[in-house]
Structure formats: structure tokens, C-alpha cells
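What follows is each chain in one-letter form.
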Amino acid sequence: FMELVRLFGRTPCPDSWEHAVQNLGCLGVDVNTLEAALQQKCIAWQADGFLAQHGLHESFMHYAILLYAYTVQNPEVFRPVNCSFSTDERQQIESPEVEAGM
């Protein structure tokens, strides 16, 4: 677990949600489908002022969309990311799969 914490500390924050999800394909996530779903959600939230309704500034959209990404069922995101972090499934901490989940 502490190796994941240290890796998280060394991992730079992506500059956009698009960059954050681009490597999830190595975990079996259909990135094109995910990006389309996230783009649709982003447009919908902007159109109805979703963030402002919940007291959040529009600049929080990047983080809100990333948090939402983990709840998407088609394609499933949470399970493959979770498996890449699992000590039972993970072969090594410094792997493309673990880094994609960061």
C-alpha cells in the first residue's frame, strides 16, 4: 500500500481529464467510449450549471469529471483500476497498468 502512496506522490496531476484517461486502455477500458461518455456529461453539467448548483466553481470540472469517470458502468472503469492497485493482482508497482490508474 505504501508503495502506491509514494507512486501517487510522484505522479504529476494531468492537465485535463482527457489526458488522465488516455492510458486506461492498457487496463482493458474502451477509452473512446469512456471519452464520449465523459464529454457528454461535461456538456450536460455545463449546460445546466450543475457545479454552481452544488457550490462548486466551474474550474472544478476537471476533477468532477474524473471522479464521475470511476462511476461509469459502460465502459467499466472502477474494477480494472482497482485490480491494478490490488496487491493480489499487481505484479509490480512501477507498471503501465498501475500508472494508468493514477
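Each remark here, short or long, concerns the structure printed above.
None of these values were measured; they are calculated from a predicted model.

**Student:** Describe the overall build of the protein, naming the residues involved and giving the relevant values.
**Tutor:** A tally of helices and strands in the protein yields seven helices and zero strands. Listed N to C, the secondary structure of the protein is α-α-α-α-α-α-α in terms of helices and strands. Oriented by its inertia axes, the alpha-carbon framework of the protein measures out at about 45 × 25 × 20 Å. A buried classification covers 32% of the 102 residues belonging to the protein. Residue pairs in contact within the protein that sit at least 24 positions apart in sequence constitute 57% of those at least 6 positions apart. Accessible surface computed for the protein: about 6,600 Å², of which carbon and sulfur atoms make up 54%. Across the protein, the 5 positively charged side chains and the 13 negatively charged ones have centroids separated by 8 Å.

**Student:** Tell me what's going on with a nonpolar patch on the surface, and back it up with residues and numbers.
**Tutor:** A cluster of nonpolar side chains, contributed by Leu-56, Phe-60, Tyr-63 and Leu-67, occupies part of the molecular surface with about 370 Å² of accessible area. Note that Tyr-63 resides in helix α5 (residues 61–69). The partly exposed category is assigned to Tyr-63, whose relative accessible area is 42%.

Quick notes on the rules
- Residues numbered from 1 in each chain as written.
- Predicted model: local features only at pLDDT ≥ 70, side-chain atom pairs only at ≥ 80, totals over all residues.
- Heavy atoms only, no water.
- Helix = DSSP H or I, 4+ residues; strand = E, 2+ residues; numbered from the N terminus.
- Buried < 20%, exposed > 50% of the residue type's maximum accessible area, 1.4 Å probe, protein only.
- Contact = heavy atoms within 4.5 Å.
- Areas by Shrake-Rupley, 256 points an atom, 1.4 Å probe, with all protein chains shown as cover.
- Lys, Arg positive; Asp, Glu negative; His and termini not counted.
- Charge placed at Lys NZ, Arg CZ, Asp CG, Glu CD.
- Patch = residues over 30% accessible without salt bridge, like charges linked within 9 Å, V, L, I, M, F, W, Y side chains within 5 Å.
- Salt bridge = Lys/Arg side-chain N within 4 Å of Asp/Glu carboxyl O.

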